[in-house]
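Chains, contacts and geometry: an overview
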Amino acid sequence: MGAISLTHIALHVPDVDKCADFYVDFCGMKETLRHGTQEKPVLWLASPGREGEFVIVLIGGGPGDSPLAAGYSHLGFALDSALAVDEMAAKAAAEGCLLWLPREDPWPASYYCGVVDPAGNQVEFSYGQPLGAGSEGPTTLR
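Below, the structure is looked at part by part.

**Side note on unusual backbone geometry**
- The amide bond that connects tryptophan 107 to the next residue, proline 108, takes the cis arrangement and shows omega of 15°.
- Despite not being glycine, serine 110 has its phi angle at roughly 60°, a positive value.
- Along the chain, serine 110 falls in strand β7 (residues 110-116).

**Here's the deal with the sheet that holds strand β3 (residues 41-46)**
- As summarised here, the arrangement of the four strands in space is β1-β4-β3-β2, forming an open sheet in which the pairing is mixed. The two strands at the open ends of the sheet, each matched to only one other strand, are β1 (8-13) and β2 (30-36). With strand direction ignored, the average angle separating the axes of adjacent strands in the sheet is 20°.
- Sheet topology places β1 next to strand β4 (residues 55-60); six bridges connect them, and they run parallel. Bridge pairing in β4 places alanine 10 opposite valine 57.

**Some remarks on the nonpolar core**
- Counting residues in hydrophobic clusters, the biggest one holds 31 residues, and the most contacted among them are Tyr23, Phe26, Cys27, Ile56, Leu58, Phe77 and Phe125.
- Take this core: its biggest share by element is seven residues, from helix α1 (residues 16-27).
- Phenylalanine 125 has contacts with Phe26, Cys27, Phe77, Leu79, Val85, Met88, Tyr111, Tyr112, Cys113 and Val115, leaving out every residue within four places of it along the chain.
- Among the nonpolar cores identified, the runner-up in size contains five residues, and Val42, Ala46, Val55 and Val57 belong to it.

**Comments concerning the state of the cysteines**
- In the structure shown here, the tally under the stated rule is zero disulfides.
- You can see cysteine 19 has no disulfide; the closest cysteine sulfur is in cysteine 27, sitting 11 Å from it.

**Describing the pairing of strand β8 (residues 122-127)**
- Buried residues dominate β8, accounting for five of its six residues.
- With four bridges joining them, strand β5 (residues 75-78) and β8 adopt parallel strand pairing. From the neighbouring strand, phenylalanine 77 faces β8, where its bridge partner is phenylalanine 125.
- As judged from the six bridges shared by β7 and β8, these two strands associate in the antiparallel manner. Across the sheet, the residue bridging to cysteine 113 is phenylalanine 125, located in β8.

**Concerning the side chain of serine 110**
- Using a relative accessible area of 7% as the deciding quantity, one classes serine 110 as buried.
- Within polar-contact distance, the side chain of serine 110 engages the backbone oxygen of glycine 128 at 2.8 Å.

**Focus: the environment of proline 108**
- Relative to the helices and strands, proline 108 is located in the loop between β6 (98-105) and β7.
- Among the residues examined, proline 108 registers a relative accessible area of 34% and is labelled partly exposed.
- Between the alpha carbons of proline 108 and proline 130 there is a distance of 6.2 Å; along the sequence they are 22 residues apart.

Reading the values: the criteria
- Residues numbered from 1 in each chain as written.
- Predicted model: local features only at pLDDT ≥ 70, side-chain atom pairs only at ≥ 80, totals over all residues.
- Heavy atoms only, no water.
- Helix = DSSP H or I, 4+ residues; strand = E, 2+ residues; numbered from the N terminus.
- Pairing = 2+ DSSP bridges.
- Axes fitted to C-alpha atoms, helices over the stretch in contact; angles between N-to-C directions.
- Core = buried A, V, L, I, M, F, W, Y, C linked by side-chain atoms within 4.5 Å.
- Buried < 20%, exposed > 50% of the residue type's maximum accessible area, 1.4 Å probe, protein only.
- Contact = heavy atoms within 4.5 Å.
- Disulfide = S-S within 2.5 Å.
- Polar contact = N/O pair within 3.5 Å; in protein donor to acceptor, adjacent residues only side chain to side chain.

The values reported here are purely geometric and, on their own, carry no functional implication.
Dropping the structure here:
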């Protein structure tokens, strides 16, 4: 078998445009492709400069999700400082979508907060994890 790489995560969402606005505004992503139908639009979002590596695909017509306080499924985004995590949490609180207050946990979790997107998906913003800005330690955990 040849090399395998993760290229995308697809999420069914009730409102593609509302969710796309969240990922553009909160996560700095940009729309790279739109296709599908009016009833079931499909939109691809990528971090600038990574359009050919990894995308989040939003598929319209989904039921959405209910974030659970005990659940921990989430998308993770690295920020460039602990202060940026605090600022993201403040922004999310002001917009009524803060899920987890900023907290410091032992490595590899490090410093992070949680936000919920308009479809109910949980999104983590972190600093100091093994991947992304502020990474500390190996990128391959054993």
